[in-house]
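Inside the fold
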Amino acid sequence: MLFRRRFGDLIDRQLRVFAQDHAERLERIKATRGAYRQSDAMAAEERYGDYADELDWAAEDLAAMRDAYMETLDEHAAERYAREFRKTVAKTMPEIAKALED
């Protein structure tokens, strides 16, 4: 049996809008990740903090978008939407998905 994503198109659109609206911030995530990976041991902790801050920002913003939509749904639909949202973010934005779980 194929798993059909009830909210798939909606979530895809939401994530596209998020990526378009926050393109600069998403680029900053890549930049801070690069800076962390290239840093020496002395600077690594600070660089990782910068990277984690950017991931936290993105996760908070995605969570706000997810939660706002969930408020319009009944409990069962909200649970399904949240599950599909989590899976889609994990596939398309894995670094942010980890922060979203935390």
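Structure: above.
Residues numbered from 1 in each chain as written. Predicted model: local features only at pLDDT ≥ 70, side-chain atom pairs only at ≥ 80, totals over all residues. Heavy atoms only, no water.

Focus on the overall build of the protein chain
Counted only if it meets this: Only DSSP runs of H or I covering at least 4 residues are called helices, and only runs of E covering at least 2 are called strands; the numbering of each starts at the N terminus. Accessible surface area values rest on a Shrake-Rupley calculation with a 1.4 Å probe, where residue burial reflects the displayed protein chains alone.
When helices and strands are counted, the protein chain shows 5 helices and 0 strands. Listing each helix as α and each strand as β along the protein chain from the N terminus yields α-α-α-α-α. Based on the C-alpha atoms only, the size of the protein chain along its principal axes is roughly 50 × 30 × 20 Å. With the model as given, the accessible surface of the protein chain reaches about 7,100 Å², and the carbon-plus-sulfur share is 49%.

Focus: a negative patch on the surface
The cut-off we apply is this: Residues with no salt bridge and a relative accessible area higher than 30% make up the patches, which join like charges within 9 Å and nonpolar side chains (Val, Leu, Ile, Met, Phe, Trp, Tyr) within 5 Å. Counted as salt bridges are all cases of a side-chain nitrogen of Lys or Arg within 4 Å of a carboxyl oxygen of Asp or Glu. Note that His is not counted, nor are the chain ends; the positive residues are Lys and Arg, and the negative ones are Asp and Glu. Every charge is mapped to an atom, namely NZ of Lys, CZ of Arg, CG of Asp or CD of Glu.
On the surface, a cluster of negative charge is contributed by D50, D53, D56, E60, E101 and D102. Sorting elements by how many residues they give to the negative patch places helix α3 (residues 41–70) first, with 4 residues. Within the fold, D53 resides in helix α3.

So, the nonpolar core
Defined as follows: In these notes, a set of buried Ala, Val, Leu, Ile, Met, Phe, Trp, Tyr and Cys residues joined through side-chain atoms within 4.5 Å is what counts as a nonpolar core. The rule is simple: take the accessible area with a 1.4 Å probe, protein chains only, and divide by the maximum for that residue type; under 20% is buried, over 50% is exposed, in between is partly exposed.
Ranked by size, the top nonpolar core spans 23 residues in total, and within it L62, F85, V89 and I96 carry the most contacts. Of all the secondary-structure elements, those providing two or more residues to this core are α1 (8–21), α2 (23–38), α3, α4 (75–92) and α5 (94–101). Per element, the largest residue contribution to this core is 7 residues, and it comes from α3.

Looking at the packing of aromatic side chains
Definition in use: Aromatic rings from Phe, Tyr and Trp, taking only the six-membered ring of Trp, are treated as a pair when their centres fall within 6.5 Å; an angle between ring planes under 30 degrees marks them as stacked, one over 60 as edge-to-face, and anything in between as tilted.
Using the criterion set out here, one finds 8 aromatic pairs in the structure. Judged by centre distance (6.1 Å) and plane angle (70°), the rings of Y48 and Y51 are edge-to-face. Of this pair, Y48 and Y51 both sit in helix α3, 3 residues apart, which is roughly one turn of the helix. We classify Y48 as partly exposed; its relative accessible area is 42%. For Y51, a relative accessible area of 8% gives the class buried. Ring centres of Y69 and Y81 lie 4.9 Å apart, and the angle between their planes is 50°; this geometry places the pair in the tilted category.

Quick look at the side chain of T88
Applicable threshold: Identification of polar contacts relies on pairs of N or O atoms within 3.5 Å, with a donor-acceptor requirement for protein atoms, meaning one able to donate a hydrogen and the other able to accept it, and with residues adjacent in sequence counted only if both atoms are side-chain atoms. Two residues qualify as a contact provided that any one of their heavy atoms is within 4.5 Å of a heavy atom in the partner residue.
Tracing the chain through its elements places T88 in helix α4. A residue is classified by how much of its surface remains accessible, and T88, at 5% relative accessible area, is buried. Among the polar contacts listed, one links the side chain of T88 to the side chain of R5, at a separation of 2.8 Å. Among all residues touching T88, those that are not within four sequence positions of it are R5, I11, D12 and L15.

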